[in-house]
Amino acid sequence: MPSTAEWVAGLSSTITRISAYSFLRWIPGHHFPPIILSSLIVYLFCVFGNSEAFGAHRPTLHQAFPRLFPHPEPETKEPVTGQELQDHQEPILYEDEKSFFKILVLGIPKWRDAQWSYITIAVNVLLAGFTLDLVFRAPLLYPSRDLTFSRVGYVHSDYAKVLIREPNSTQLPLHVYLSLADKTNWKTVDTIHTLDQDTDYTYPITFRSLQPSTKYIYSLSNDLSGVFTTAPAPKSEAARSLTFVTSSCIKANFPYQAKAHALAIHGFEHLSSVIQALPSPAAFMMFLGDFIYIDVPQRLSSSVRHYRSEYRRVYASPSWKLPGLDTLPWIHTLDDHEIANDWSGGNETDPFPAAADPFIQYHVSVNPPVPKGASSGPDTNTTYFQFTNGPASFFMLDTRRYRTDPESSKSTTSSTMLGDVQLASLLKYLADPEPRHVHWKIIASSVPFTKNWRFGTPDTWGGFLTERSQILAAMHKAERDLGVRVIVLSGDRHEFAAIRYPPPVSSIAQGSNDTQVFDQTPSSGPHEFSVGPLSMFYLPFRTFKQIDDEDVAIQYLPDGNSKLGVVEIHPLVGGVQRSSLKYKLFVDGKLTWEYNLTSPAAGYQGGRGARWWLWE
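As the structure is a computational prediction, the values presented were derived from the model and not from experiment. (Residues numbered from 1 in each chain as written. Predicted model: local features only at pLDDT ≥ 70, side-chain atom pairs only at ≥ 80, totals over all residues. Heavy atoms only, no water.)

Some thoughts on the overall build of the protein chain
Per the secondary structure count, the protein chain includes ten helices and 22 strands. Counting over 616 residues, the protein chain shows a buried share of 52%. Carbon and sulfur atoms provide 56% of the accessible area of the protein chain, an area that totals close to 27800 Å². (Helix = DSSP H or I, 4+ residues; strand = E, 2+ residues; numbered from the N terminus. Buried < 20%, exposed > 50% of the residue type's maximum accessible area, 1.4 Å probe, protein only. Areas by Shrake-Rupley, 256 points an atom, 1.4 Å probe, with all protein chains shown as cover.)

This is how it looks when you write it as structure tokens:
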């Protein structure tokens, strides 16, 4: 029978190891570090506080590792006779075999096996050290206060936005230059005289009066520089095609690698390889939230200063230097971990004001324009956006700033994900006819539109079914009347799923309930592609399940620490269908799944007249 000390040591060691593995390789949850450290303390107290329970004599490190820890004076040993060796040989071998599992697997030392006992103790200490390293190395060693960088944001056909950060006042004034990439003809387009703490030393530059489908080089007097290519002119031949990438959720150095840079974003290696292999350059990255994880693995502060430092650390990552990433424009939506997990506390409750500050400075300032009619200007901070690029128009939702608590049995009609103003803007977007060269309406939502995720459903649109029904009806009407296809792109769940929303064709009365009958035509109705993470954990258990015929599951692929989608839109020649969309899913850098759609949708009734498809 093991002693109490052995039993407690084995239990605490097992908890340390399982928790550390889960934390470092699976889910970096905030509850793991206290468990790991507490169980290690209990373990070490048992081992060294009750040393005699693991053998009559605990050897010194010199005795266990004489070469690593030499003793200043050689010790005298009594010679062991052959008879003594013979007497102890069998029991020693038998005991070694019997205790191997306890020492190396359970972590219970046996001082007779000094080397293995110290090694198994060191394993537990090392795992705790790795845990502390993941939590504290980045914030302590990389505050990135002196970070200087530039990045490309939204790029239109005749203007482009670039964000710069320069905290060194000796570099002011900053002169901004622009030139065509194929001609070295620099022009001064801006001079920045002031950069201060109010914006964390950031500044959004807008380059105007540009030529469509043209590559430009920008340069600043502090040696920052970059490249961007403008979007094609509307109705041009180049505007008939579009390629872009999409994903969500990044966390530096996860899964944990002890030798990796604390700010390395491992998924960017896969993103870089995918971008370089695309047949057509990606126009932009549509990033669907959780750019930072303020509360993972531990929330260290809720101050504006700390939120800003998290953004700086992401932009200070050496992974941005990977091929292809320096020229890829990024546009952003907001999600919960940029505020707090499953945030639904509105835009005035702490910590939202502190969280919104860097999101506005680092992302909103160079994002696409807000919808026409929405509040605009430096003090409004509207955080939903609308734009058109080639054959697709886009509406990027803010599913956090304006939401209330999810629906409950007490209140099923007052809950809102978007707020009245944003909802009205989205419904107007869905109802408005598009120009004849635009065949796709694409809605970006940081959380899944489907209710098929059976874990954390209230945090998705599954928690706002009244508002969702209103939007879904508008999507069906747009596909039926406007000659466009509606696509939803979402993230957040660290899994991939493709879902179809077939339009209802009839309702059968059954007592007091109505049963909807949905169109069974393959690929009918709006589609959703929910993808993530770009560089984070994925769930070891399955959470997705189709529960009715309203949300039809097409594909569910949960595994993979790095998942991203590539959307390719191309024109079709001849026939009623005028445009095709191909969605490609890459998991850990490998093409895993593809899906094709065409526009207009099945059941389109020609609401815009017989000549809607003619190119103008």
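More follows now that the structure is in view.
Digging into the side chain of threonine 543
Position of threonine 543 among the secondary structure elements: in the loop between strand 18 (527-530) and strand 19 (552-557). One polar contact links threonine 543 to glutamate 495, side chain to side chain, over a distance of 2.9 Å. When neighbours within four sequence positions are excluded, threonine 543 is seen to be in contact with Asn452, Trp453, Arg454, Phe455, Arg493, Glu495 and Tyr556. (Polar contact = N/O pair within 3.5 Å; in protein donor to acceptor, adjacent residues only side chain to side chain. Contact = heavy atoms within 4.5 Å.)

Some thoughts on the sheet that holds strand 12 (residues 392-396)
Taken together, seven strands build an open sheet; the order of strands is 11-12-13-14-18-15-19 and the sheet is mixed. Both edges of this open sheet fall to strand 11 (385-389) and strand 19, since each of them pairs with a single strand only. The average undirected angle you get between the axes of adjacent strands in this sheet is 15°. Judged from the five bridges that link them, strand 12 and strand 13 (residues 440-445) form a sheet pairing that is parallel. The residue of strand 13 that forms the bridge with alanine 392 is tryptophan 440. Of the strands in this sheet, strand 13 and strand 14 (485-490) are in contact with helix 10 (residues 465-481), which crosses strand 14 at around 140°. (Pairing = 2+ DSSP bridges. Axes fitted to C-alpha atoms, helices over the stretch in contact; angles between N-to-C directions.)

A few points about the packing of aromatic side chains
Scanning the model with the defined rule gives 42 aromatic pairs in all. When the centroid spacing of 5.2 Å and the interplanar angle of 70° are considered together, the rings of tryptophan 26 and tyrosine 538 count as edge-to-face. Taken as a pair, tryptophan 26 in helix 1 (residues 4-26) and tyrosine 538 in the loop between strand 18 and strand 19 lie far apart in primary sequence, 512 residues in all. Among the residues examined, tyrosine 538 registers a relative accessible area of 17% and is labelled buried. (Phe/Tyr/Trp six-rings, centres within 6.5 Å; stacked < 30°, edge-to-face > 60°.)

Digging into the pattern of salt bridges
Overall, the coordinates contain 25 salt bridges when judged by the stated rule. One salt bridge connects aspartate 559 with arginine 542, and the closest N-O pair in it is separated by 2.8 Å. Of the two residues, aspartate 559 is situated in the loop between strand 19 and strand 20 (563-571) and arginine 542 in the loop between strand 18 and strand 19; the sequence distance between them amounts to 17 residues. Residue classification places aspartate 559 among the partly exposed residues on the basis of a relative accessible area of 36%. In this structure arginine 542 comes out as partly exposed when scored by relative accessible area, which is 47%. Between lysine 582 and glutamate 594 there is a salt bridge, with the nearest N and O atoms lying 3.6 Å from each other. Within this pair, whereas lysine 582 is found in strand 21 (residues 579-587), its partner glutamate 594 is found in strand 22 (residues 590-599), the two being separated by twelve residues in sequence. Within the structure, one salt-bridge network assembled from shared partners comprises Asp335, Asp336, Arg400, Arg403 and Asp459. (Salt bridge = Lys/Arg side-chain N within 4 Å of Asp/Glu carboxyl O.)

Quick notes on the UniProt feature "transmembrane region" (unreviewed entry) in the protein chain
In the numbering used here, UniProt assigns the "transmembrane region" (unreviewed entry) feature to residues 31-49 and 116-136. This span, residues 31-49, is 95% helix and 0% strand, and a straight line between its end C-alpha atoms measures 27 Å. Here residues 116-136 runs as 100% helix and 0% strand, with 30 Å between its end C-alpha atoms. (UniProt positions renumbered as here; feature names shortened; annotations may be inferred.)

Quick look at unusual backbone geometry
Glycine aside, the phi torsion of most residues is negative, and most peptide linkages are trans. In the segment running from leucine 172 into proline 173, the intervening peptide bond is cis, with an omega of -5°. Mapped onto the elements of the fold, proline 173 is located in the loop between strand 2 (160-165) and strand 3 (174-180). The peptide bond linking aspartate 350 to proline 351 adopts the cis configuration, its omega dihedral lying at 10°. Residue placement: proline 351 occurs in the loop between strand 10 (330-332) and helix 8 (352-362). Phi at aspartate 290 takes a positive value of approximately 60°, unusual for a residue other than glycine. As for its position among the elements, aspartate 290 is in the loop between strand 9 (285-287) and helix 7 (304-315). The class of aspartate 290 is buried, set by a relative accessible area of 1%.

A word on the sheet that holds strand 1 (residues 149-155)
Spatially, 1-2-5 is the arrangement adopted by the three strands of the open sheet, whose pairing is antiparallel. Every interior strand has two partners, whereas the edge strands, strand 1 and strand 5 (202-207), have only one. Adjacent strand axes in the sheet meet at a mean angle of 25°, parallel and antiparallel pairs treated alike. Note that strand 1 and strand 2 share five bridges and pair antiparallel. In the sheet register, valine 152 faces strand 2, and the bridge partner there is valine 162. Contacts from helix 8 reach strand 1, strand 2 and strand 5, with the element oriented near 125° to strand 2.

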